[in-house]
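Read off the chains here:
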Amino acid sequence: INAEYMGLTKDDIPAGDQITYSYFPNHKVNRFMRQALTRESWNFECRCSLCETEMNVIYKALAPLYSDKEKELLSQASDGNTKENWDLFKLAEDAQYDDNDMEKAIEYYNKAALNNHQPSAHRLGVWYLYGDEEKGIPPNYEKAKEWLWKAACSLDINAPNSWGCIATMFQEGLGVEKDTRRSLWLYLASAHQGYPSAQMELAGYYTKMGQEALAHEWRLVAAKQDYVQAQYAVGVAFLSGTGCEKDLIKARKWLVKAAQAGYPNAQNLLDNEKLFPVETDEKELFVS
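Residues numbered from 1 in each chain as written. Predicted model: local features only at pLDDT ≥ 70, side-chain atom pairs only at ≥ 80, totals over all residues. Heavy atoms only, no water.

**A word on a positive patch on the surface**
Cut-off, in case you're wondering: Like charges within 9 Å and nonpolar side chains (Val, Leu, Ile, Met, Phe, Trp, Tyr) within 5 Å are joined into patches, using only residues over 30% in relative accessible area that form no salt bridge. Accessible surface is estimated by sampling points in the Shrake-Rupley manner with a 1.4 Å probe; for residues, cover comes only from the protein chains shown. One side-chain nitrogen of Lys or Arg within 4 Å of one carboxyl oxygen of Asp or Glu is enough to make a salt bridge. The charge count treats Lys and Arg as positive and Asp and Glu as negative. His and the chain ends do not count. For charged residues, the charge sits on one atom: NZ in Lys, CZ in Arg, CG in Asp, CD in Glu. Counting from the N terminus, the helices are the DSSP runs of H or I reaching at least four residues and the strands are the DSSP runs of E reaching at least two. Any residue under 20% of the maximum accessible area for its type is buried, any over 50% is exposed, and the rest in between are partly exposed; the area is computed with a 1.4 Å probe on protein chains only.
Taken together, Lys-224, Lys-250, Lys-253 and Lys-257 make up a surface patch of like positive charges. You can see Lys-253 is positioned in helix 13 (residues 248–260). Under the relative-accessibility criterion, Lys-253 is labelled partly exposed at 43%.

Structure, rendered in structure tokens:
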């Protein structure tokens, strides 16, 4: 669609400079959602340096997972976001969570996944990856790999969740040869798309590499998304000065959030007057 946009600027803009304009009220929106919104609302696909950099990370992470033939077949696959597939997905969810009938749920997920429905392929992959310990059903890593690989390559809005699961498989050697490098790239790609669990895993990698400042940055990103494990970890970091400057005010702020969410040991730290040597009325100021 050809369209023109005219506006006034306060200052001169040198030729070649990028013009930054926020199209989204929520700055946590990941790349796939950003692209969907700009296509639907503004009729263009963004190619800014941020989007291009994120895509480079994604391609770097995904490329080793597929042969050239698989890439060709998957690129030609039809869009699975149809009403029929979402109806099957809803039936599967009802069977899984309301009726506790996983056999029926798998049947519905399978039908939708074969029609390129990414969420259904992901659900199947996760089910086979972990199995059901209570029912004595062991993991099936071969099937997990089949469905998670399919879900990961769709570049659907929810695909980063699948990347995180595959990263875990490479991290722990579940059905694949253990490969820390591949795992790290997949966590990085997922983390860039706003998935807090991947951000925490990435932080763990940076900690092992002795890069505590980077680890703290990623935990802070996850904490700001209300990921309680990250809130606790950030609070502890500010308390000890690990990867950041020691700051009791910030430590209390994040530990209070973790404690309010019921995270173990957060309240114990807050109640420790050796760690937080302040009066009761001052504590109340921190909480508010």
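Here the narrative resumes.
**Things to note about a negative patch on the surface**
Taken together, the side chains of Asp-98, Asp-99, Asp-101 and Glu-103 make up a negatively charged region of the molecular surface. Mapped onto the elements, Asp-101 comes out in the loop between helix 4 (83–98) and helix 5 (102–114). Taking the relative accessible area as the measure of exposure, Asp-101 reaches 33% and is therefore partly exposed.

**Structural notes on the environment of Met-169**
Rule in force here: Note on contacts: a residue pair is in contact if any heavy atoms of the two residues lie within 4.5 Å.
Secondary-structure assignment places Met-169 in helix 8 (residues 159–172). Accessibility expressed as a relative area gives 0% for Met-169, which makes it buried. Separated by 14 residues in the primary sequence, Met-169 and Ser-183 have C-alpha atoms spaced 7.8 Å apart. Those residues in contact with Met-169, other than ones at most four positions away along the chain, are Leu-129, Tyr-141, Ala-144, Lys-145, Leu-148, Trp-149, Leu-174 and Val-176.

**Describing the side chain of Gln-231**
Residue placement: Gln-231 occurs in helix 12 (residues 228–240). In contact with Gln-231, other than residues within four places in its own chain, are Ala-223, Asp-226, Trp-254, Lys-257 and Ala-258.

**Re the packing of helix 10 (residues 196–208) against helix 11 (residues 212–223)**
Let me state the cut-off plainly: As a rule, the C-alpha atoms of each element are fitted with a line to give its axis, helices using only the stretch in contact, and angles between N-to-C directions run from 0 to 180 degrees. Angle categories are assigned with fixed cut-offs, so that under 35 degrees is roughly parallel, over 145 is roughly antiparallel, 65 to 115 is roughly perpendicular, and the rest are oblique. Crossing handedness follows the turn of the near helix against the far one: under a right angle anticlockwise gives a left-handed crossing, and clockwise gives a right-handed one. Basically, the charged four are Asp, Glu, Lys and Arg, the nonpolar ten are Ala, Val, Leu, Ile, Met, Phe, Trp, Tyr, Cys and Pro, and anything else, Gly included, counts as polar.
Between helix 10 and helix 11, the least distance of the axes is 8 Å, while the angle of their chain directions is 165°. In terms of axis orientation, helix 10 runs roughly antiparallel to helix 11. Considering the relative orientation of helix 10 and helix 11, their crossing is left-handed. In this structure, helix 10 contributes Pro-196, Gln-199, Met-200, Leu-202, Ala-203, Gly-204, Tyr-206 and Thr-207 to the contact, and helix 11 contributes Glu-212, Leu-214, Ala-215, Trp-218, Arg-219, Val-221 and Ala-222. For the contact of helix 10 with helix 11, the class distribution of residues is 10 nonpolar, 3 polar and 2 charged.

**Some details on the confidence of the model for the protein**
Note the threshold: One number per residue, pLDDT, summarises how confident the predictor is, and it ranges from 0 to 100.
The share of residues in the protein with pLDDT of 70 or more is 82%, and the mean pLDDT across the chain is 85. In the model, residues 280–288 has pLDDT below 50 throughout and makes 10 contacts with residues more than four positions away in sequence or in other chains.

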